[in-house]
Amino acid sequence: MLHLKDLMQRDVVAVSPDLTLRELVEVLTEQEVSGAPVVSGNKVVGVISTTDIFDLHEEISGLSPAAGEGDEVELTPRRSGGGRDFFSDAWEAGAEEWARIASQRDWDTLDAYTVADVMTRDVVSQPSKTTVKKAARYMLEAGVHRVLVIDRGHLQGIVTTTDIMRAVADGKLKG
């Protein structure tokens, strides 16, 4: 039986809650990942993904034309669970979506937001001894594309849907 410890990526890209969203996009692009755990000190305090960034961008872009430069924008509290698959797919499709956003004037406002402002605070995690089948079910029900592997409060790794699909394709998972 395959467990998360057998599949997890141990070299996890983690980010600080204090990063601006522009800095975050640079990290995600450089590391070629679509999301990362948010760590303060040694504690995982949330998860940030491209979905969170696109949701903020969509919210900002949806402002009424009457909203002025100095107007405050109140963000809707983050929902728990996964985001919309469309935005995850857009990330996977390449840099075209980032280029579209960067060409709009709202992109500059992302310097005003930090990871802490938009991250998902409900961390989806499982211990390393969890079976891959159980974790896959958990991810499906939570509507997420990644699960953090945490043992005794410490981040050990991350398993994504791609990791699970690779295990299936390689014949590592048996019915």
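Keep in mind the model is a prediction, meaning the values are calculated, not measured.

A.B. asks: Could you give an account of the overall build of the chain, naming the residues involved and the relevant values?
C.D. replies: Across its full length, the chain carries eight helices and five strands. N-terminal to C-terminal, the α/β element order of the chain is α-α-β-β-α-α-α-α-β-α-β-β-α. Sorting the 175 residues of the chain into buried and exposed places 39% on the buried side. At a minimum sequence separation of 6, the contacts of the chain that also span at least 24 residues come to 66%.

A.B. asks: Break down the sheet that holds strand β3 (residues 125-126) for me, citing the residues and quoting the values.
C.D. replies: With respect to topology, three strands assemble into an open sheet ordered β3-β4-β5, the strand pairing being mixed. Two strands lie at the open edges of the sheet, namely β3 and β5 (154-160), each paired on one side alone. Two strands pair when backbone bridges link them, and β3 and strand β4 (residues 146-151) are joined in this way by two bridges, in the parallel orientation. Pairing of Q126 across the sheet is with V149, part of β4.

A.B. asks: Provide a residue-level description of the pattern of salt bridges, including the pertinent values.
C.D. replies: Summed over the entire model, instances satisfying the criterion amount to two salt bridges. With a shortest N-O distance of 3.4 Å, D163 and R166 are connected by a salt bridge. Of this pair, D163 and R166 both sit in helix α8 (residues 161-169), separated by three residues, roughly a single helical turn.

A.B. asks: Residue-level account of the nonpolar core, with values.
C.D. replies: In terms of nonpolar packing, the biggest core is built from 17 residues, with V15, L21, L24, I48, L56, L110 and V115 touching the most fellow members. For this core, the elements supplying multiple residues, two or more each, are α2 (21-31), β1 (35-40), α3 (50-61) and α6 (115-118). Broken down by element, the residue count for this core peaks at four residues, all from α2. If we skip the residues at most four places from it in the chain, L24 touches V15, L19, I48, I53 and V115.

A.B. asks: I'd like a rundown of the pairing of β4, residues and numbers included.
C.D. replies: With six of six residues buried, β4 is to be regarded as a mostly interior element. Of the two faces of β4, the one lined by R146, L148 and I150 and the one lined by V147, V149 and D151 are each fully buried. This β-α-β element, β3 to helix α7 (residues 132-142) to β4, shows right-handed connectivity. When β4 meets β5, the two strands line up antiparallel, connected through six bridges. Bridging across to β5, V149 finds its partner in G157.

A.B. asks: Any details on α7? Residues and values, ideally.
C.D. replies: Looking only at α7, the buried set comprises V132, A135 and M139. In an axial view of α7, the angular spread of the buried residues amounts to 60°, which keeps them on one side of the axis. Away from its buried face by more than 90 degrees, α7 exposes K133, K134, L140 and E141. Those residues of α7 that are buried are in contact with α1 (4-7), β4, β5 and α8.

A.B. asks: An account of the environment of D11 is requested, with residue identities and associated values reported.
C.D. replies: As for its position among the elements, D11 is in the loop between α1 and α2. Among the residues examined, D11 registers a relative accessible area of 72% and is labelled exposed. For the pair D11 and I158, spaced 147 residues apart in sequence, the C-alpha to C-alpha distance is 8.5 Å.

A.B. asks: How would you summarise the packing of α2 against α3 if you had to cite specific residues and measurements?
C.D. replies: At a minimum axis separation of 11 Å, α2 and α3 run at an interaxial angle of 145°. Both α2 and α3 take part in a crossing whose hand is left-handed. Every residue of α3 that contacts α2 at L21, L24, V25 and L28 is listed here: T50, I53 and L56. Of the residues assigned to the contact of α2 with α3, the class counts are six nonpolar, one polar and no charged.

The rules behind each value
- Residues numbered from 1 in each chain as written.
- Predicted model: local features only at pLDDT ≥ 70, side-chain atom pairs only at ≥ 80, totals over all residues.
- Heavy atoms only, no water.
- Helix = DSSP H or I, 4+ residues; strand = E, 2+ residues; numbered from the N terminus.
- Buried < 20%, exposed > 50% of the residue type's maximum accessible area, 1.4 Å probe, protein only.
- Contact = heavy atoms within 4.5 Å.
- Pairing = 2+ DSSP bridges.
- Salt bridge = Lys/Arg side-chain N within 4 Å of Asp/Glu carboxyl O.
- Core = buried A, V, L, I, M, F, W, Y, C linked by side-chain atoms within 4.5 Å.
- Right-handed = clockwise from strand over helix to strand, strands pointing away.
- Arc of directions from axis to C-beta.
- Axes fitted to C-alpha atoms, helices over the stretch in contact; angles between N-to-C directions.
- Left-handed = near helix turned anticlockwise from the far one by under 90°.
- Nonpolar A, V, L, I, M, F, W, Y, C, P; charged D, E, K, R; others polar.

Spatial relationships are all this shows, so hold off on functional conclusions.
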